[in-house]
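Given next are the chains, with one letter for each unit.
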Amino acid sequence: GRTYEVIDISERSAKLRFGEGLPADVEQPVNGVIRFSDGSDLPVEGAAFRRAQNSLVIILSKGISFRRMVLEQLHLRQKYPRLFQRLAANEPLPAA
């Protein structure tokens, strides 16, 4: 299989970044495994929904639990506390 970076994720969708070649056409079935920051893997299934220049949005039919999403959010808050402080204070974020 191939590996793609997940750049946005929710319980029912994921946005993947890809380099060469589109991994799926719109409405084509997609399945794979999401690897979370703690190293755990979760199988997902769905269909390609929208594509952009170098990304693909997938609507998940077998998605991610709310509990798993909260655990990932807690991890991100612990790893990047200043980011969330800036967001809470409505401060501008530094340019990427």
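Counting starts from 1 at the beginning of each chain's written sequence and moves along it residue by residue. Predicted model: local features are reported for residues with pLDDT of at least 70 only, side-chain atom pairs are reported and counted for 80 or more only, and whole-chain, interface and lining totals are derived from all residues. Computation of side-chain values covers all heavy atoms of the structure but excludes hydrogens and water.

Chemist: Looking at this model, I keep getting lost on helix α1 (residues 66-79). Mind explaining?
Modeler: Count 3.6 residues to each turn of an α-helix, and residues three or four apart come out pointing the same way. By definition, any uninterrupted DSSP run of H or I lasting at least four residues is a helix, any uninterrupted run of E lasting at least two residues is a strand, and each is numbered from the N terminus. In a helix, the anticipated span is given by 1.5 Å times the number of residues less one. Taking 1.5 Å per residue as the helical rise, α1 with its 14 residues ought to reach 20 Å, and the 20 Å between its terminal C-alpha atoms agrees with that figure. Among all positions of α1, only Arg 68, Met 69 and Glu 72 are buried. One side of α1 carries all its buried residues, which in axial view fall inside an arc of 100°. Turned more than 90 degrees from where α1 packs its buried face, Phe 66, Arg 67 and Gln 78 sit exposed. Residues are treated as being in contact if the distance between any of their heavy atoms lies within 4.5 Å. In the core, the buried residues of α1 are packed alongside β1 (5-9). With a 1.4 Å probe rolled over the protein chains alone, any residue whose accessible area is under 20% of its type maximum counts as buried; one over 50% counts as exposed, and the rest are partly exposed. By arc we mean the arc of the directions from the helix axis to the C-beta atoms, nothing more.

Chemist: Whenever I open this one, a nonpolar patch on the surface confuses me. Can you help?
Modeler: On the surface, Leu 76, Tyr 80, Leu 83 and Leu 87 cluster together into a nonpolar patch covering about 330 Å² of accessible area. In this structure, Leu 76 sits in helix α1. By definition, no residue in a patch forms a salt bridge, and every one has over 30% relative accessible area; like charges are joined within 9 Å, nonpolar side chains (Val, Leu, Ile, Met, Phe, Trp, Tyr) within 5 Å. Note on areas: Shrake-Rupley with a 1.4 Å probe; residue coverage comes only from the protein chains shown. Each salt bridge in this description consists of a side-chain nitrogen of Lys or Arg and a carboxyl oxygen of Asp or Glu lying within 4 Å of one another.

Chemist: What should I look at first to understand the pattern of salt bridges in this one?
Modeler: Two side chains carrying opposite charge are able to pair once their charged atoms lie near each other. Applying the stated criterion to the full structure yields 4 salt bridges. Across the salt bridge formed by Asp 38 and Arg 68, the nearest N and O atoms sit 3.1 Å from each other. In this pair, Asp 38 sits in the loop between β3 (29-35) and β4 (41-51) while Arg 68 sits in helix α1, placing the two residues 30 residues apart along the sequence. On the basis of relative accessibility, which here comes to 53%, the residue Asp 38 falls in the exposed class. Assessed through its relative accessible area of 13%, Arg 68 is described here as buried. Here Arg 68 makes a salt bridge to Glu 72, at a shortest N to O gap of 3.0 Å.

Chemist: Teacher, can you tell me more about the layout of surface pockets here?
Modeler: Gaps left between atoms show up when a probe the size of a water molecule is rolled over them. Points on a 1 Å grid over protein atoms alone make up a cavity when a 1.4 Å probe fits among them but cannot get out, and a pocket when they form an open set with protein on both sides within 12 Å along at least five of seven lines; lining residues each have an atom within 4 Å of a point. Grid points are joined across faces, edges and corners, and a volume is the space filled by probe spheres set on the points. Taken as a whole, the largest pocket encloses approximately 940 Å³ of empty space. Glu 5, Val 6, Ile 9, Leu 16 and Ile 34 are the residues nearest the centre of the largest pocket, which is lined by 34 residues in total. Looking at the lining of the largest pocket, the elements with two or more residues in it are β1, β2 (13-17), β3, β4, β5 (55-62), α1 and α2 (81-88). Amino acids outside the nonpolar list (Ala, Val, Leu, Ile, Met, Phe, Trp, Tyr, Cys, Pro) and the charged list (Asp, Glu, Lys, Arg) are all regarded as polar, and Gly is one of them. Residue composition of the lining of the largest pocket, grouped by class: 21 nonpolar, 6 polar and 7 charged.

Chemist: Explain the nonpolar core here, please?
Modeler: Side chains of nonpolar character tend, in soluble globular proteins, to be buried together. Judged by nonpolar contacts, the single largest core of 13 residues is most densely connected at Leu 56, Ile 58 and Ile 64. Of the residues forming this core, the biggest block, 3 residues, is contributed by β5. Buried Ala, Val, Leu, Ile, Met, Phe, Trp, Tyr and Cys residues that are joined via side-chain atoms within 4.5 Å together make up what is termed a nonpolar core.

Chemist: Sorry, what's going on with the pairing of β3 here?
Modeler: Within a regular strand, the side chains alternate between the two sheet faces. Here a strand pair is declared whenever DSSP counts at least two bridges between the two strands. Bridge count for β3 against β4 is 7 bridges, and the pairing is antiparallel. Counted as the bridge partner of Gly 32 is Val 44 from β4. Connecting β3 to the next strand, β4, in antiparallel fashion are 5 residues, including Gly 39 with a positive phi near 90°.

Functional significance is not addressed by these values, which are geometric in nature.
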